[in-house]
Amino acid sequence: MRTPRKTPSPVRPIDVSRLKTYSLNTRRSKIRVSDFSVPWGKGRSFSSFLSSLPDVLAVRTLRSLAKDMVKARKRGRPVILGMGAHPIKVGLNPVIVDLIRREIVTAVAMNGAGVIHDFELALMGHTSEDVEAEINSGRFGMAEETGRMINEAIVEGVSREAGIGEAVGQYILQRRKRFPYCKTSLLATGAQLGIPVTVHVAVGTDIVHMHPSADGAALGAGSLLDFRKLTAVVSRMEGGVYLNLGSAVLLPEVFLKTVTLSRNLGKALKNITTADMDFLPHYRPLTNVVKRPTQKGGRGYSLTGHHEIMFPLLAAAVIEAYEDGPGRNTGRSSKGLGSS
């Protein structure tokens, strides 16, 4: 026989009459009126615009990253740009070339797709085929010039012990009359100025690997040489910056290996700045670029947003501060680049 349930006692509201309070004036607050944005006025300068942004969240990250990049270059330390192909496809080559020529970006690392888009733009002034329109017919990736010339450049370059980046860059320079848009090429700019532009490929991921002229031995040798060149740059990165722009897997993996190889060979890399910029946060960049390499010291940043907006904004912020010169008083407000 079941025991009858007892009727539960009613729950009474807690007595808050003895609640302890304190003065709002003594509380630490995260946001102040002084952090707020300033409405825009027509015709003002970019420095004014940067200072007018609210000093919170991503704006604070942007300012801190730009400040670290400026500090690194004024101290002669490297600023390395590791990138996927998408920044090229959204029109950022002129911005990156400008940063290289200003000696702000001192090395570039890209994947195999980056080579293809950079090369096609230099050759034809257009790139990025419509995959959906071509995949069913088997025409996707079958552009004759792209496959033949890039593979030719790699084989030629490796024969003289050049990495893929240098090989393709020199190929463009030596035939510049055939490349009317070569001034927009990261590869050609690097080769011209002697700036390391390295290429890191995964065999089978790029359209040029489908062509009969593809040489696996040359691809492997060229990419390995570029990996070791990038590691040489990273090994001197104490006080420098590594920026991952739009590579979700390949470049974060490569960068992590360059860091551990450098440390294994005696370079501590205790004070480095790393950053990931992409329009979606991904596991590998956040782990292998932002977090793991900076465990011994330094700073890791993450900025989420469209490349075609965020990267030119960062570049402009760096140029504004870098070209003021060491120690120059800019007269900016406390919400400018100098704030932390």
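Use the structure listed above.
Thresholds, definitions, all that
Each chain carries its own residue numbering, running from 1 in the direction its sequence is written. With the structure being a predicted model, the display of local features is reserved for residues of pLDDT at least 70 and the display and counting of side-chain atom pairs for 80 or more, all residues being used for whole-chain, interface and lining totals. Side-chain numbers here rest on the full set of heavy atoms in the structure, without hydrogens or water. DSSP-based pairing: two strands are paired if at least 2 bridges between them are found. Counting from the N terminus, the helices are DSSP H or I runs at least four residues long and the strands are E runs at least two residues long. Structural elements are reduced to axes, namely lines fitted to C-alpha atoms, with helices fitted over the stretch in contact, and the angle between N-to-C directions of any two is expressed from 0 to 180 degrees. For this analysis, residues touch if any pair of their heavy atoms sits within 4.5 Å. Think of it this way: a Phe, Tyr or Trp ring, Trp meaning its six-membered ring, pairs with another when their centres are within 6.5 Å, and the plane angle makes it stacked under 30 degrees, edge-to-face over 60, tilted otherwise. Only protein chains enter the accessibility calculation, which uses a 1.4 Å probe; a residue whose area is less than 20% of its type maximum is buried, one above 50% is exposed, and one in between is partly exposed. Roughly parallel refers to an angle under 35 degrees, roughly antiparallel to one over 145, roughly perpendicular to one between 65 and 115, and oblique to any angle outside these ranges. For this classification, Asp, Glu, Lys and Arg are treated as charged, while Ala, Val, Leu, Ile, Met, Phe, Trp, Tyr, Cys and Pro are nonpolar and the rest, including Gly, are polar. Here, a salt bridge means any Lys or Arg side-chain nitrogen found within 4 Å of an Asp or Glu carboxyl oxygen. Polar contact is the term for a pair of N or O atoms within 3.5 Å; when the atoms are in protein, one must be able to donate a hydrogen and the other to accept it, and sequence-neighboring residues count only if both atoms are side-chain atoms. Multiply 1.5 Å by the residue count of a helix minus one, and that product is the helix's expected span.

K.L.:
Help me understand the sheet that holds strand β5 (residues 272–278), please; the structure alone is not making it clear to me.
P.N.:
Backbone-to-backbone hydrogen bonds pair the strands of a sheet. The strands run either parallel or antiparallel. The parallel open sheet is built from 6 strands, whose spatial order is β3-β2-β1-β4-β5-β6. The strands lining the two open edges of the sheet, one partner per strand, are β3 (197–200) and β6 (298–304). On average, each strand axis in the sheet is tilted by 15 degrees relative to the strand beside it, whichever way the strands run. Judged from the 4 bridges that link them, strand β1 (residues 79–83) and strand β2 (residues 107–111) form a sheet pairing that is parallel. Across the sheet, L81 pairs through a bridge with V108, a residue of β2. Those strands touched by helix α5 (residues 112–124) are β2 and β3, and its axis lies near 100 degrees from that of β2.

K.L.:
For this particular structure, what's the right way to read the packing of aromatic side chains?
P.N.:
Two aromatic rings, taken as a pair, are described by how far apart their centres are and by the angle between their planes. Here the structure, examined in full by the defined rule, presents 6 aromatic pairs. On the numbers, 6.5 Å between centres and 80 degrees between planes, the contact of Y171 with F179 is edge-to-face. Residue Y171 shares its accessibility class with F179, and that shared class is buried. With a centroid separation of 3.8 Å and an interplanar angle of 10 degrees, the aromatic rings of Y242 and F255 are classed as stacked. Taken together, the positions of Y242 in strand β4 (residues 241–245) and F255 in helix α11 (residues 250–264) put the pair 13 residues apart, joining distant regions of the chain. Residue class for Y242 comes out buried when judged on its relative accessible area of 0%. The buried category is assigned to F255, whose relative accessible area is 0%. Joined through ring pairs, the aromatic side chains of W40, F46 and F49 make up one cluster.

K.L.:
Mind showing me how you'd approach the packing of helix α8 (residues 164–174) against helix α10 (residues 216–234) here?
P.N.:
Packed helices, taken two at a time, are described by the angle between their axes plus the distance between the axes. Their axes nearest at 7 Å, the elements α8 and α10 cross at an angle of 105 degrees. Judged by the angle between their axes, α8 and α10 are roughly perpendicular. Contact with α8, carried on its side by I164, G165 and E166, involves L219, G222, S223, D226 and K229 of α10 and no other residues of that element. Across the contact of α8 with α10, the residue classes break down as 2 nonpolar, 3 polar and 3 charged.

K.L.:
So what exactly am I meant to see when it comes to unusual backbone geometry here?
P.N.:
Most peptide bonds take the trans configuration, and most residues that are not glycine carry a negative phi. With phi around 65 degrees, E103 is a residue other than glycine that occupies positive phi space. With respect to the helices and strands, E103 occurs in the loop between α4 (93–101) and β2. The exposure class assigned to E103 is exposed, which follows from its relative accessible area of 52%. We note that L269 has phi near 50 degrees; this positive angle belongs to a residue other than glycine. Secondary-structure assignment places L269 in the loop between α11 and β5.

K.L.:
What's the story with the pattern of salt bridges in this structure? I'm lost.
P.N.:
It is possible for side chains bearing opposite charge to pair when their charged atoms get close. Within the structure shown, the criterion is met by 8 salt bridges. Connected through salt bridges with shared partners, the residues D55, R60 and R63 form a single ionic network.

K.L.:
I keep staring at the side chain of D68 and nothing clicks. Help me out?
P.N.:
Following the sequence through the fold, D68 ends up in helix α2 (residues 57–74). Looking at D68, the relative accessible area reads 9%, which means it is buried. A polar atom in the side chain of D68 sits 3.1 Å from the side chain of T273. Within polar-contact distance, the side chain of D68 engages the side chain of R299 at 2.8 Å. D68 has contacts with V241, T273, R299 and Y301, leaving out every residue within four places of it along the chain.

K.L.:
Sorry, what's going on with helix α13 (residues 307–322) here?
P.N.:
An α-helix turns once every 3.6 residues. As a result, residues three or four positions apart point the same way. Taking 1.5 Å as the rise per residue, α13 with 16 residues should run 22 Å; its terminal C-alpha atoms sit 21 Å apart, in good agreement. Among the residues of α13, those classed as buried are H307, M310, F311, L313, L314, A315, A317, V318, I319, A321 and Y322.

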